[in-house]
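Residue-level structural notes
Chain by chain, the residues run as shown.
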Amino acid sequence: MTTQHDAIAALLCTLALVLVALMPVAGSTRSATFPTASAGRRYRAAAVERAPIVGHDGMDVAAAEKLMLANLDEINVAVGMAAGRGADLVVLPEDNLYGAGYSAAGIAPFLAILPAARQLADHVIVPCTNATMWADAVAAARASCIARDHGVVLVLDMAEQVASLPNERCPPIGYWAYNTQIALDADGRLLAKYHKLHLYYEAQFDVPTTWAPVWFTPAKLDVTFGMMVCFDLLFARPAIGDIAAGITDFVFSSFWVNEPPLLTLPAVLRGWSSAHNASIVAAGTGSSWYNSGSGLFSRGKTLASWYNPGWQGETQVLVRDVVTFGAVLPPLAAPPPSPFRFPACGKRSSPMVTTFNVTASSSGTATAHAGGVTCTARYRVSETSTASEIY
């Protein structure tokens, strides 16, 4: 009899917990922010995976511009395919105008000079309509024309030169080189630009000295998008600021480094969208299995996904409808005060990867150093392990 009473009591407790979970919590907006799918607004998005035509150190400005325009010719075809399938928004990969692996001097001829964030908020700037004014950013002007010609919102990644302030002690060359993601509206207007916050083995670029949330709301889409580039995905910022503002939709450009089986990009993206109850339109470089990974993911569900398992580059255009429940926000008049400031010098940094071999029954300690941070891990390998591995 006691067992029966215990079972009934357990059942009643379970039902009570379910009822409590379904009740609205004071101050909570989850039920209002994330209603049923039928109540959400929709947009049609495309993620383009593409291997770029790659340049190299030592190119002059003319050669660099020629390379970027050649890449944009191919991009124009992919955007046309997406537009033909009804896409409102098209996202392109990171470094897709020139490739990766440059030195600080090598990236210099690729650097574009773009308007400041305040100018984007205060003025309608359409690079496509004034080629002379955009002589220092020919790739941005061409991309603006592609967006306007196809009538799509276009998100792409490029290298940007930003003059340093008089009170900044560095860089000694007088400007910062940023890995910059830009968003262009369907009429070619430059909507927003975001400087990649977390660099990954990118000696050619600088880490921004300050950070503030960046988002954009296209004129004809009832949705606001947050912006991220590659390694940013594994950190709280920049997404945390956008999510706090009510944004649930993100555009993501990447030149990812896959580490199967746990860090292949499609799996990471799906997990991220589930953890944040958000949607992400992600475009990856299709050079090979090592850098591939693109797709559209919404609140833990895979809408479309692509991973290139081979060594040859491939272009894929993934198009799906996405339901959004996020806030629709006005443009940022100017970046709000930074919640923190990075050190002004010693800014060119990369994570340090330390590897070690293990065998059956082995144990030990592994240590890695990066800047002023040291991480130590203790490990022990099972006696039943049959092969040596590298970690």
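The structure under discussion appears in the preceding block.
Residues numbered from 1 in each chain as written. Predicted model: local features only at pLDDT ≥ 70, side-chain atom pairs only at ≥ 80, totals over all residues. Heavy atoms only, no water.

**Some remarks on the environment of arginine 237**
Let me state the cut-off plainly: A run of H or I in DSSP becomes a helix once it reaches four residues, and a run of E becomes a strand once it reaches two; helices and strands are each numbered from the N terminus. Residue exposure (1.4 Å probe, protein chains only): buried if accessible area is under 20% of the type maximum, exposed if over 50%, otherwise partly exposed.
Tracing the backbone shows arginine 237 in the loop between β7 (225-229) and α6 (239-244). Taking the relative accessible area as the measure of exposure, arginine 237 reaches 33% and is therefore partly exposed. Taking C-alpha positions, arginine 237 is 8.6 Å from tryptophan 211, a pair spaced 26 residues apart along the chain.

**Concerning the state of the cysteines**
To keep it simple, the criterion reads: We call a pair of cysteine sulfur atoms a disulfide whenever their separation is within 2.5 Å.
Enumeration according to the criterion identifies one disulfide in this entry. Shown here is the disulfide that connects cysteine 128 with cysteine 145, its sulfur atoms set 2.0 Å apart. Judged by the sign of its S-S torsion, about 100°, the cystine formed by cysteine 128 and cysteine 145 is right-handed. Note that cysteine 128 is positioned in the loop between α4 (117-122) and α5 (138-150) and cysteine 145 in helix α5, a separation of 17 residues in sequence. Judged by its relative accessible area of 14%, cysteine 128 falls in the buried class. Here cysteine 145 falls in the buried class, since its relative accessible area comes to 17%.

**Let's talk about unusual backbone geometry**
Working note: non-glycine residues mostly have negative phi, and peptide bonds are mostly trans. Put simply, arginine 237 and proline 238 share a cis peptide bond, and its omega is 15°. Residue placement: proline 238 occurs in the loop between β7 and α6. That bond from proline 260 to proline 261 is cis: its omega, 5°, falls within 30 degrees of zero. Tracing the backbone shows proline 261 in the loop between β8 (249-254) and α7 (265-275).

**So, the sheet that holds strand β4 (residues 175-184)**
Short version of the rule: A pair of strands is considered paired only if DSSP assigns at least 2 bridges between the two. Every angle, taken between N-to-C directions, lies between 0 and 180 degrees, and every axis is a line fitted to C-alpha atoms, over only the stretch in contact when it is a helix.
With respect to topology, six strands assemble into an open sheet ordered β5-β4-β3-β2-β1-β12, the strand pairing being mixed. Of all strands in the sheet, those with a lone pairing partner are β5 (190-195) and β12 (316-324), marking the two edges. Each strand of the sheet is rotated relative to its neighbour by a mean of 35°, with strand direction disregarded. The pairing of β4 with β5 spans five bridges and is classified as antiparallel. Along β5, the bridge assignment pairs alanine 183 with alanine 192.

**Thoughts on the sheet that holds strand β11 (residues 301-306)**
We apply this condition: By definition in these notes, contact holds between two residues if any of their heavy atoms fall within 4.5 Å.
Taken in spatial order, the six strands line up as β6-β7-β8-β9-β10-β11 in an open sheet, and their pairing is mixed. Each of the sheet's edge strands pairs with one partner strand only, and the pair in question is β6 (215-216) and β11. One ladder, built from four bridges, connects strand β9 (residues 279-284) with strand β10 (residues 294-298); its direction is antiparallel. Looking at β10, one finds that alanine 282 is bridged to glycine 295. Relative to the sheet, α7 contacts β7, β8, β9, β10 and β11, its axis offset from that of β10 by approximately 20°.

**Considerations on the pattern of salt bridges**
Formally: A pairing counts as a salt bridge when a side-chain nitrogen of Lys or Arg comes within 4 Å of a carboxyl oxygen of Asp or Glu.
For the structure on display, the rule yields seven salt bridges. A salt bridge links aspartate 222 to arginine 41, with the nearest nitrogen and oxygen atoms 3.3 Å apart. Remark: arginine 41 occurs in strand β1 (residues 41-49) and aspartate 222 occurs in the loop between β6 and β7; sequence separation between them is 181 residues. Look at aspartate 222 and you get partly exposed, because its relative accessible area is 46%. Given a relative accessible area of 25%, arginine 41 falls into the partly exposed group. Glutamate 202 is the salt-bridge partner of lysine 196, the closest N and O atoms lying 2.6 Å from each other.

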